[in-house]
Amino acid sequence: MFILTIDMVKTTALHKLALTALQERKATLLSGLHLSPDLVRASYVRQYLTCGKKNCRCRRGFKHGPFFYLVQCLGTSRVRKFLLKTAEQRKQARAGIAAHLKLQRRLAELSEINTELLRRGVA
Ligand SMILES: [Zn+2]
């Protein structure tokens, strides 16, 4: 049996695939679509910072940190950003962001397959 992985679809032009390969990939994608209850649309950002003290080591290049933030774009030039203080928060944020990205990639691929099926005039 020929199994089409996500990476193969990315590197293979969809218009070159056989109809059955497209339909099988669509079925696999649909059966693997799970909505994670903890997904988060955001970025995980690591930063090193300088403080306001005159003679602090951070003024000589040894910045404070790392600090980890969750950053969300809320539209035109609006951003929500907050410090992830605990290891548990950071772990939750990373998992939620990864779940969102995975779902996003799968939805994008499903859309690509459906577009190709539409182009071919196949329901
Ligand atoms: Zn400092």
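Since we're looking at a predicted model, the values are computed, not measured.

Reading the values: rules and limits
- Residues numbered from 1 in each chain as written.
- Predicted model: local features only at pLDDT ≥ 70, side-chain atom pairs only at ≥ 80, totals over all residues.
- Heavy atoms only, no water.
- Donors = N, O, S within 2.8 Å, 3.2 Å for Na, K, Ca; no water.
- Tetrahedral: all angles 85-135°; square planar, octahedral: opposite > 155°, others 65-115°.
- Buried < 20%, exposed > 50% of the residue type's maximum accessible area, 1.4 Å probe, protein only.
- Phe/Tyr/Trp six-rings, centres within 6.5 Å; stacked < 30°, edge-to-face > 60°.
- Helix = DSSP H or I, 4+ residues; strand = E, 2+ residues; numbered from the N terminus.
- Lys NZ or Arg CZ within 6 Å of the ring centre and 35° of its normal.
- Salt bridge = Lys/Arg side-chain N within 4 Å of Asp/Glu carboxyl O.

## Quick notes on the coordination of the zinc ion
Point 1. Protein-derived coordination of the zinc ion comes from Cys51 (SG), Cys56 (SG), Cys58 (SG) and His64 (NE2), at a distance range of 2.0 to 2.3 Å.
Point 2. Around the zinc ion sit 4 donor atoms, and with donor-metal-donor angles ranging over 100 to 117° the site reads as tetrahedral.
Point 3. Donor residues for the zinc ion, ordered by position in the chain, follow C-x4-C-x1-C-x5-H.
Point 4. We classify Cys51 as partly exposed; its relative accessible area is 24%.

## As for the packing of aromatic side chains
Each aromatic ring pair is summarised here by two numbers: the centre-to-centre distance and the angle between the ring planes.
Point 1. Under the defined criterion, the tally for this structure stands at 1 aromatic pair.
Point 2. Geometrically, the ring pair formed by Tyr44 and Phe68 is stacked, given 5.5 Å between the ring centres and 25° between the ring planes. A residue pair is termed long-range when its members are at least 10 positions apart, and Tyr44 in strand 1 (residues 43-49) and Phe68 in strand 2 (residues 64-73) qualify at 24 residues.
Point 3. On the basis of relative accessible area, Tyr44 is assigned to the partly exposed category, the value being 26%.
Point 4. The aromatic ring of Tyr69 is capped on one face by Lys81, whose charged end is 4.4 Å from the ring centroid.

## What to know about the pattern of salt bridges
Point 1. Throughout the structure, instances matching the rule amount to 3 salt bridges.
Point 2. Between Arg25 and Glu109 there is a salt bridge whose closest N-O contact spans 2.8 Å. In this pair, Arg25 sits in helix 2 (residues 19-31) while Glu109 sits in helix 3 (residues 87-120), placing the two residues 84 residues apart along the sequence. Glu109 matches Arg25 in its accessibility class, with the two residues each being buried.
Point 3. Across the pair Glu116 and Arg119 runs a salt bridge, and its minimum N-O distance is 2.8 Å.

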